[in-house]
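Single-letter residue listing:
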Amino acid sequence: MEFEALVNAICAKVQERIAACEEVKVADKPKMLVLTDEHGTKCHECLECPELGAHFDMECALTKEYAFDLADYEGIVAFNLTNANLAKIALGILDTPYTKAFGEAILLGKKIFVPKEEVEFYAYKETSPKGYLNKFEEYLNLLRQCGVTVLPAKELHEAILDEAPAPVPVSTVFVSNRADKEIVIKKKVVTERDLIEARAAEATLLVADEKSIITDLAKDYAGRFGIVIERRKGVR
């Protein structure tokens, strides 16, 4: 009986350690907030996406009743960008939980992703007077200048996984005269993983298309290890 009790005690300790390790892994994942005015299937597809869940702790602003600290989040995914919400955010009128959270995310420099299909004024392109429509386009362009990424819904998950910021200017990101081994990356988004692999291959020059997006983490990694990132036309 004593031996059985000892075995049970050891097994219990092992289970505790396994559970503790799993908790640490979950806690270590960066958090991404899904911002919406109303629950719907589109936002749930984002919240329940297995690929996103493997890399981020996806949380819903509505479920949390907008009680959160945006400083704790890697970024936000915003649905329901209505005409009213867009105009208010662009003009700095942050008088609702949604507009306040969106505006604070901009002020904190967070990554912000908006599915193009969730931008309401696009639905009125065929009927609205051009001048009125242009005003909403100006508001949206202002948000883009503040780092908001607007993209088709089908590209949303890939952009989030690659932590894509706004595209950097078409030029050489880093300048160096040491590039003696080149590696070409034919991707829309160049991530830190690509830089890690390039360094493992002892490459000192990474070539990407002129329209590719270079993530902040990729740029930081290249800077730390002296890897040149060069843009060329027609790489993709």
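This text gives an overview of the structure that appears in the document. Predicted model only: the values in this text are computed from it and were never measured. (Residues numbered from 1 in each chain as written. Predicted model: local features only at pLDDT ≥ 70, side-chain atom pairs only at ≥ 80, totals over all residues. Heavy atoms only, no water.)

## Remarks on unusual backbone geometry
Logical step 1: Here glutamate 65, not a glycine, exhibits a phi torsion of approximately 55 degrees, which is positive.
Logical step 2: Mapped onto the elements of the fold, glutamate 65 is located in the loop between strand 2 (57-60) and strand 3 (73-78). (Helix = DSSP H or I, 4+ residues; strand = E, 2+ residues; numbered from the N terminus.)

## Observations regarding the state of the cysteines
Logical step 1: Throughout the structure, instances matching the rule amount to 0 disulfides.
Logical step 2: Take cysteine 46: it sits in no disulfide, and the sulfur closest to it among the cysteines is that of cysteine 49, at 7.2 Å.
Logical step 3: The class for cysteine 46 is buried, based on a relative accessible area of 1%.
Logical step 4: In this structure cysteine 60 is not part of a disulfide, and its nearest cysteine sulfur, from cysteine 43, lies 5.9 Å away. (Disulfide = S-S within 2.5 Å. Buried < 20%, exposed > 50% of the residue type's maximum accessible area, 1.4 Å probe, protein only.)

## Section: helix 5 (residues 97-107)
Logical step 1: Three or more residues of helix 5 are buried, namely Tyr98, Thr99, Ala101, Phe102, Gly103, Ala105 and Ile106.
Logical step 2: In the core, the buried residues of helix 5 are packed alongside strand 1 (31-35), strand 3, helix 4 (83-90), strand 4 (111-115), helix 6 (130-145) and strand 5 (148-151).
Logical step 3: Glycine 109 sits one or two residues past helix 5 and shows a positive phi near 70 degrees. (Contact = heavy atoms within 4.5 Å.)

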